[in-house]
Structures are given as C-alpha cells and as structure tokens.
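Examining the three-dimensional arrangement
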Amino acid sequence: MQLLPIPTRRITTADHDLFSIFDAYLPRFSEGDILAVSSKIIAICEGRTTPLEDTDKAALIEAESTWFLPKAVSRYNIYLTIKTNALMPSAGIDESNSDGRYVLWPADPQRTANAICAYLRRRFGLRHAGVIITDSRPLPLRWGVTGFCVAHSGFRALYDYRGQLDLFGRPLQMTQTNVADALAAAAVLVMGEGAEQTPLARITGAPYVEFQDHDPTPEELAALAIAPEDDLYAPLLTAVEWRRGDG
C-alpha cells in the first residue's frame, strides 16, 4: 500500500468550488485508488466557518453536537461531544489553519463523499474508486491525535472476519476490521496536522478493500454505528449525564 500526500495552494474562505481543487491538483487517479480528503477544506468551500471574535463558541458547539458534556466537567475546560456516533472534543469545530475563523464539519459529509466518488469515476473513467473524508481526534488514555473517517464511499467500510478461521482453526465470531477508519488514520499521518498544506492523499494498493458500485446504503451505514448502551465501553459512556445538542 502507498499513501501519497498531495500538496495544494492554501485553501481559504475565498474558495467555494471543491471540485475545482481536485481538477487542479489531482492529475491522475487509477482503478482501485482511494482519495482521502480533509473535512476542513470541504467545510471551508461550503462556507461552514464563522469569525472567532463574533462567535459564542460554547453555543456553537452545543448546536453542532448530537450529545455533549459541559466543559465544566473537563479539567481542560473542553466540551466532550458525540456527533454522528463519533466521540470527539468540541463537535469537530476547529480553529487551526483557518485564518481567524472557526471551521465546522461539512453540512452533510456522506452526501459529499458520494459526490466526490461519482466525480472520480466520471472524470477518470473508473469502475472502482473510493473516498474517505478525514478528521482527527485524541484517543482515550493516549496523548496525541489520530485520523478517523467522517464519511466514506465506493467501498465497504468493514471487512468481516466472522466465520473465517484463525491460525489454529478456531472460527472467528466477532472480529471485523474497520477499514475506513484504518485508512483514514494512515492518510492523516501523511497529510499532517500543521502547515504541510497537503489536505488530500491518494491511497493505492490498500488491502482488505471491497469496492462496490453503489453508494453506501442506509443499512451499511447503520451497521457502522453502535448505541452507547450497546458499546463495549458502555460502563463509561452511560455513567455520565449527556445533554442533548441540536446537531
């Protein structure tokens, strides 16, 4: 597998056409490749930003969250939030590399991932192409952030080992690999978190990828999500009083 970060010019709030960025900086794309796209440049092109000085960040986070814990419960004075079944700080709202603005998540990441995938197939004459929209977050009990998949299209997010045999012939009963998140983590590593100016990455030769000719179905997307009470970490997730956000 190879991951190739793609340099671009600096993307600012003057940009409104995401696909013109792809036209300019993605000269080639091959059968079976996957394009990683930073959620930030999508949100910027959608106008999903707001000036720092004119914004009540706390109210914005609560509006963008599905569930949130008030920042007062954090020793770091940071909201812990759940947004579209992903646990993260601040509902994904960020102010890095944004020229004095808060950048929200894209309005509809899944719709955008599907549109990018259709664009890649059409532009390059491909049958199989994949897309992951990426962001980063910290992991519990670990310093540092790692990438994760906000939305995907063109391939199955989960590789199912259930029913296969392990090294000693024992049938696997529960194991599924989250291919989309694994690829997002690798892509974000090469895309960087600072001034690298590489908001895109092309992934070639990725293993365990099962391409498909349709957008992810509602059933496939639902299979990715786990309710807090059903999660392995339910004792932690349900031991606090989450507040309902508007997102």
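Read on for an overview of the structure. (Residues numbered from 1 in each chain as written. Predicted model: local features only at pLDDT ≥ 70, side-chain atom pairs only at ≥ 80, totals over all residues. Heavy atoms only, no water.)

What follows is about the sheet that holds strand S9 (residues 145–153). An order of S1-S12-S2-S8-S9 is seen for the 5 strands of this open sheet, with the pairing classed as mixed. Two strands close off the open sheet at either side, each with one partner strand: strand S1 (2–6) and S9. Across this sheet, the average inter-strand angle for adjacent strands is 30 degrees, counted without regard to direction. In the packing of helix H4 (residues 109–124) onto the sheet, contacts are made with strand S2 (34–38), strand S8 (130–138) and S9, and the angle to S9 comes to roughly 70 degrees. In this fold helix H5 (residues 179–191) packs onto S1, S2, S8, S9 and strand S12 (200–204), with an angle of close to 125 degrees to the strand it touches most, S9. (Pairing = 2+ DSSP bridges. Helix = DSSP H or I, 4+ residues; strand = E, 2+ residues; numbered from the N terminus. Axes fitted to C-alpha atoms, helices over the stretch in contact; angles between N-to-C directions. Contact = heavy atoms within 4.5 Å.)

Once that is clear, we can look at helix H3 (residues 57–64). Along H3, the residues that are buried comprise Leu-60, Ile-61 and Glu-64. Buried residues in H3, looked at end-on, bunch into an arc of 100 degrees, giving them a common side. As for H3, its buried residues are in contact with strand S3 (49–51), strand S5 (80–83) and strand S7 (101–103). Two or three places before Ala-58, at the start of H3, stands the capping residue Asp-56, its side-chain oxygen 3.2 Å from that residue's backbone nitrogen. (Buried < 20%, exposed > 50% of the residue type's maximum accessible area, 1.4 Å probe, protein only. Arc of directions from axis to C-beta. Polar contact = N/O pair within 3.5 Å; in protein donor to acceptor, adjacent residues only side chain to side chain.)

In this structure, the second largest pocket encloses a volume near 1200 Å³. Surrounding the second largest pocket, 50 residues form its lining, Lys-40, Asp-94, Ser-96, Asn-97 and Glu-193 being those nearest its centre. Secondary-structure elements contributing two or more residues to the lining of the second largest pocket are helix H2 (39–45), H3, strand S6 (86–89), S7, S8 and H5. The residue makeup of the lining of the second largest pocket, split by class, is 19 nonpolar, 18 polar and 13 charged. (1 Å grid on protein atoms, 1.4 Å probe; cavity = no way out; pocket = protein on both sides within 12 Å on 5 of 7 lines; lining within 4 Å. Points joined across faces, edges and corners; volume = space filled by probe spheres on them. Nonpolar A, V, L, I, M, F, W, Y, C, P; charged D, E, K, R; others polar.)

Counting residues in each nonpolar core, the largest one holds 31 residues, and the members touching the most others are Phe-22, Leu-35, Val-37, Ile-116 and Leu-120. Contributions of two or more residues to this core are made by helix H1 (18–25), S2, H2, S6, H4, S8 and S9. Not counting the four nearest positions on each side in its chain, Leu-35 is found in contact with Ile-6, Phe-22, Leu-26, Phe-29, Ile-116, Leu-120, Gly-130, Val-131, Ile-132, Leu-200 and Ala-201. In this structure, Ala-157, Tyr-159, Leu-183 and Ile-203 belong to the second largest nonpolar core, which totals 19 residues. (Core = buried A, V, L, I, M, F, W, Y, C linked by side-chain atoms within 4.5 Å.)

On to the packing of H1 against H4, then. Following both chains from N to C, one finds H1 and H4 inclined at 40 degrees, their axes separated by 12 Å at the closest point. Crossing angle aside, the handedness with which H1 passes H4 is right-handed. Across the interface between the two elements, Leu-18, Phe-19, Phe-22 and Asp-23 from H1 touch Thr-112, Ala-115, Ile-116, Tyr-119 and Arg-123 from H4. Of the residues that constitute the contact of H1 with H4, the class distribution is 6 nonpolar, 1 polar and 2 charged. (Left-handed = near helix turned anticlockwise from the far one by under 90°.)

Taken together, the 4 strands give an open sheet; going across it, the order is S6-S5-S4-S13, and neighbouring strands pair in antiparallel fashion. Of all the strands in the sheet, just S6 and strand S13 (243–244) have a single pairing partner and so form its edges. Bridging between strand S4 (residues 67–69) and S13 involves 2 bridges; their strand directions are antiparallel. Counted as the bridge partner of Phe-68 is Arg-243 from S13.

So, to be careful, I would describe these as geometric facts and stop short of saying anything about function.
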